[in-house]
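# Examining the three-dimensional arrangement
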Amino acid sequence: MADIVLDQVTKRYPDGTLAVDKLSLDIADGELVILVGPSGCGKSTTLNMLAGLEDITEGELRIGGKVVNDKTPRDRDIAMVFQSYALYPHMTVRENMGFALKLAKTPKGIINQKVTEAAESLGLTDLLDRKPANLSGGQQQRVAMGRAIVRDPAAFLMDEPLSNLDAKLRVQMRLEVAKLQKRLGATMVYVTHDQTEAMTLGDRVAILRAGVLQQAAPPQELYDRPVNLFVAGFIGSPAMNFMSGTLAGGSLRTALGDMPVFGRVRQELSTTSQDVIVGIRPENFQDAALVPADLRPNGITFQATIDVLESLGAEKYAYFTKDLGKAKFVAELEELARDAGRADAGASDETVVARLDSSTRISEGDNAQLWADARWLHVFDPATGRNLAVADAGAPGHGATTPSG
Amino acid sequence: MAAAATTTTRQKVGWGAGNTAAIVIVAIPLLWIVSLSFKTPAAITDPSFWPAQWTWGNYSGILTTATFVRPLLNSIGIGLIATFIAVAFASMAAYAVARLAFPGKRLLVAGALLVSIFPQISLVTPLYNIERVLKLFNTWPGLILPYVAFGLPMAVYILAAFFQQIPWQLEKAAKVDGATPWQAFTKVIAPLAAPGMVTSAILVFMFCWNEFLFAISLTSTLGARTAPAALAFFSGSSQFTTPTGPIAAAAVVITIPIIIFVSVFQRRIVSGLTSGAVKG
């Protein structure tokens, strides 16, 4: 096993397209790092550069301390699991798993032993003599994993390995990947566009947008302290609600009312008044009737007519409409939604989603009293998208997005 | 329902009649040649379809004379060598066409198409002169070269289509597994393109086997003359008998290798060999 260091790695295609822009990321030995982002953000290109399947235009890539920019895939000692599995259809499962070792001229006995071990750990023992065409999707996926494990490589690269499985199997395999990675103590770079996978699986999650690293942090930190509008809108489901606001006179004026501000935002705003984008996650709303009196000063109470109420059993999603003043920065939010590849992130309509406790008595059509927790407000600079409440906004030099650009 | 059933029945009858007619048109001359090959020289003009008296005489006649056996061996040798060379080069060329973007690719593909549709008759005279100068006239290479030239474009087109169907990721997987580009091609891609190679091999071989114009123009003796050309030089067992029977027998004989060739390999020409490679 080995660590991987990306130092200002850049990929520029001959036609001038910049796929990855000065990506710097240190991946520790044994760490599981997720590369996540909407399609076209450069995550797969990055993985291909790690594997040696694509050239690095600029920058340096080190695996285990050695610069491998000019090394061919076979000299990098990395294993890769492909989205489509890419099993060799003319070989049996056994031959598929042993192929890399055979190419490395490993003695037959050792190949057999390693393949048998890997097959046992993945529950593939009975399938070793079958061809890939005679396996189910889940079994094929396991073989693809087995092919990687058998080699005992310096690092594993996973290119959306679970996205072709059905939902149930995906959850099961997600757990198995996590267990496997812990057991092997493997360095793993895992690409996905699925934020649930990213949040549940990774030690650290690196979010990319248009080839630029936005933030690389543990999942909880990404969720609690997104460095910019893009990360805030990308992580979380349902997505964060955005509305316009004005910081002035020690409070934050929004369509929901004047909110108290806490922490770093307070320092930021003290000097001048300023237009901002305010983000509130759905779970930071609550039925006002359920909020204890001593908590209420931490937020504001407001009236809203509930348009739709969805009950999910453990919780209820309330949708209501407010004049959020989104028109002011609608272009930014639309671009964000498009980039994030999801319709619910910062959509241009004026709907707010609130996640309420299931014990709420609010029903559809009510003019209900809701409470918004101001302690978890996110305040963004509309010009740069930077989160004003997070001190170190983004990776040095290129953390902030430019929503207008 | 009734109307639909009537239409179906009608269609069945229509198709059946059409198919039968097509088969009869193709099969009758074929059976006629077979029948002729078993007739005695005296019965050649006999109008009955099947011979009254069956004889192997025509076959034993042609198979014991060098005028047929030698050209038959020439045909087999030249056909196999030309096919092997054409398919080997075509698979490499087709791989490049299917996988790589390189300058002049369109030109190459267009050029290949141009070569394959070029009328052979316009090349016979220049080839004749060139081969005489190069001392290739009336030799095996003298026929193999033009056959490869005409077989290549066809094989490239067929194989490029097959290579394009093979998932690109398989090659990436092979590279990550530690294969050199050559190993990736020979161990992963080529086995998967085997049906394409067999298909193109059969077509190139059939082309070489049936080719007549070059065979008759670029050869002068039994040393390099192929079977179809040799047929034209047949004479009867004596100077005064028409060689109809032997020609019919030879025609049947040269059909046999093609039938064997196709029936041996046809099981390999199955699509779906790549199923299970990738999901989705």
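## Overview of the overall build of chain A
Per the secondary structure count, chain A includes ten helices and 20 strands. Buried residues in chain A amount to 47% of all 405 residues. Counted over contacts in chain A with a minimum sequence separation of 6, partners at least 24 positions apart contribute 71%.

## Here's the deal with the domain arrangement of chain B
Residues and elements named next belong to chain B. By domain assignment, chain B separates into domain 1 (2-37) and domain 2 (65-268). Between the C-alpha centres of domain 1 and domain 2 there is a distance of 33 Å. Contacts between the two partners involve four residues from domain 1, matched on the other side by six residues from domain 2. Here the residues of the side of domain 1 that touches domain 2 sort into three nonpolar, one polar and no charged.

## Considering the confidence of the model for chain B
Residue and element names in this part refer to chain B. The pLDDT averaged across chain B works out to 85; a share of 90% of its residues lies at or above 70. pLDDT under 50 marks residues 271-277. Its contacts with residues more than four places away, or in other chains, come to 21 contacts. Interface scoring of the predicted complex returns ipTM 0.78; its pTM is 0.77.

## Some points on the domain arrangement of chain A
Each assigned domain of chain A is listed with its residue range as follows: domain 1 (4-224) and domain 2 (239-380). Taking only C-alpha atoms, the centre of domain 1 of chain A and the centre of domain 2 of chain A are 38 Å apart.

## Brief notes about the packing of helix H3 (residues 66-99) of chain B against helix H9 (residues 194-210) of chain B
All names here are of chain B. Where H3 contacts H9, the two axes come as close as 9 Å, and the packing angle between them is 140°. It follows that H3 is oblique to H9 by the angle criterion. Considering only the axes of H3 and H9, their crossing is right-handed. Mapping the contact onto sequence places Ser75, Ile78, Gly79, Ala82, Thr83, Ala86, Val87, Ala90 and Ser91 in H3 and Met197, Ser200, Ala201, Val204, Phe205, Cys208 and Trp209 in H9. When the residues that make up the contact of H3 with H9 are grouped by side-chain class, the tally is eleven nonpolar, five polar and no charged.

## A closer look at the nonpolar core
As a rule of thumb, soluble globular proteins bury nonpolar side chains together. With 175 residues, the main nonpolar core has Leu157(A), Val189(A) and Leu159(B) as its most contacted residues. With 14 residues, the single largest contributor to this core is helix H6 (residues 140-165) of chain B. In this structure Val189(A) touches Ile4(A), Ile27(A), Val33(A), Leu35(A), Leu47(A), Leu50(A), Ala155(A) and Leu157(A), once residues within four positions along its chain are discounted.

## What about helix H1 (residues 43-51) of chain A?
Residues and elements named next belong to chain A. By the criterion of burial, H1 is predominantly enclosed, with nine of the nine residues buried. Listed as buried for H1 are Lys43, Ser44, Thr45, Thr46, Leu47, Asn48, Met49, Leu50 and Ala51. Taken from the residues just after H1, Gly52 is the one with a positive phi, measuring 95°.

## Notes on the interface of chain B and chain A
The interface is formed by 23 residues belonging to chain B together with 25 residues belonging to chain A. Residue assignment for the side of chain B that touches chain A shows that the elements contributing at least two residues are helix H7 (168-176) and helix H8 (181-192) of chain B. Among the elements that make up the side of chain B that touches chain A, the one with the highest residue count is H7(B) (six residues). Here the side of chain B that touches chain A is composed, by residue class, of eleven nonpolar, eight polar and four charged.

## Some points on the packing of H7(B) against H8(B)
In helix packing, the relevant descriptors are the interaxial angle and the interaxial distance, both defined with respect to the helix axes. Residue and element names in this part refer to chain B. Put simply, H7 and H8 touch, their axes get as near as 10 Å, and they point 130° apart. Viewed along their axes, H7 and H8 adopt a mutual orientation that is oblique. For the element pair H7 and H8, the recorded crossing hand is right-handed. Touching Leu170, Glu171, Ala174 and Lys175 of H7 are Ala184, Val188 and Ile189, all from H8. Of the residues assigned to the contact of H7 with H8, the class counts are five nonpolar, no polar and two charged.

## Notes on the sheet that holds strand E11 (residues 241-248) of chain A
Residues and elements named next belong to chain A. Strand order in the open sheet formed by five strands is E13-E12-E11-E14-E20, with antiparallel pairing between adjacent strands. Every interior strand has two partners, whereas the edge strands, strand E13 (257-260) and strand E20 (378-380), have only one. Neighbouring strand axes in the sheet, compared pairwise and without regard to direction, differ in orientation by 40° on average. The pairing of strand E12 (residues 251-254) with E13 spans four bridges and is antiparallel. When the bridges of E13 are listed, Arg253 appears paired with Asp258.

## Concerning the sheet that holds strand E17 (residues 315-321) of chain A
Across a sheet, strands are paired by hydrogen bonds formed along the backbone, either parallel or antiparallel in direction. Residue and element names in this part refer to chain A. Across the sheet, five strands lie side by side as E15-E19-E16-E17-E18; this open sheet has antiparallel pairing. Across the chains shown, the open sheet's two edge strands, defined by having one partner strand only, are strand E15 (285-287) and strand E18 (351-357). Direction aside, the axes of adjacent strands within the sheet are offset by 50° on average. Pairing geometry for E15 and strand E19 (residues 367-373), over three bridges, is antiparallel. Bridge pairing in E19 links Asp287 to Leu370.

Conventions we followed
Throughout, a residue's number is its position along its own chain's written sequence, starting from 1. Lettering for chains starts from A, numbering for ligands starts from 1, and both go in the order in which the items are written. Totals for whole chains, interfaces and linings use all residues, but because this is a predicted model, local features are given only for residues with pLDDT of at least 70 and pairs of side-chain atoms are given and counted only at 80 or more. Secondary structure follows DSSP: runs of H or I at least 4 residues long count as helices, runs of E at least 2 residues long count as strands, and numbering of each begins at the N terminus. Around each residue's C-beta, the other C-beta atoms within 10 Å are counted; 20 or more make the residue buried, 12 or fewer make it exposed, and counts in between make it partly exposed. All C-beta atoms are placed from the backbone. It is the C-beta atoms, placed from the backbone, that decide contacts: two residues are in contact if theirs lie within 7 Å. Domain delimitation in this document rests on an assignment produced automatically or drawn from a domain database. Gly falls in the polar group here, along with every residue not listed as nonpolar (Ala, Val, Leu, Ile, Met, Phe, Trp, Tyr, Cys, Pro) or charged (Asp, Glu, Lys, Arg). The pLDDT value expresses, per residue, how confident the predictor is, ranging between 0 and 100. Helix axes are fitted only over the stretch in contact, all axes being lines through C-alpha atoms; the angle between N-to-C directions runs from 0 to 180 degrees. Our angle categories are set so that under 35 degrees counts as roughly parallel, over 145 as roughly antiparallel, 65 to 115 as roughly perpendicular, and the remainder as oblique. Should the near helix be turned anticlockwise from the far one by less than a right angle, the crossing is left-handed, and should it be turned clockwise, the crossing is right-handed. Connectivity within a nonpolar core runs through C-beta atoms within 7 Å, and the core itself is a set of buried Ala, Val, Leu, Ile, Met, Phe, Trp, Tyr and Cys residues. Only when DSSP finds a minimum of two bridges between them are two strands counted as paired.

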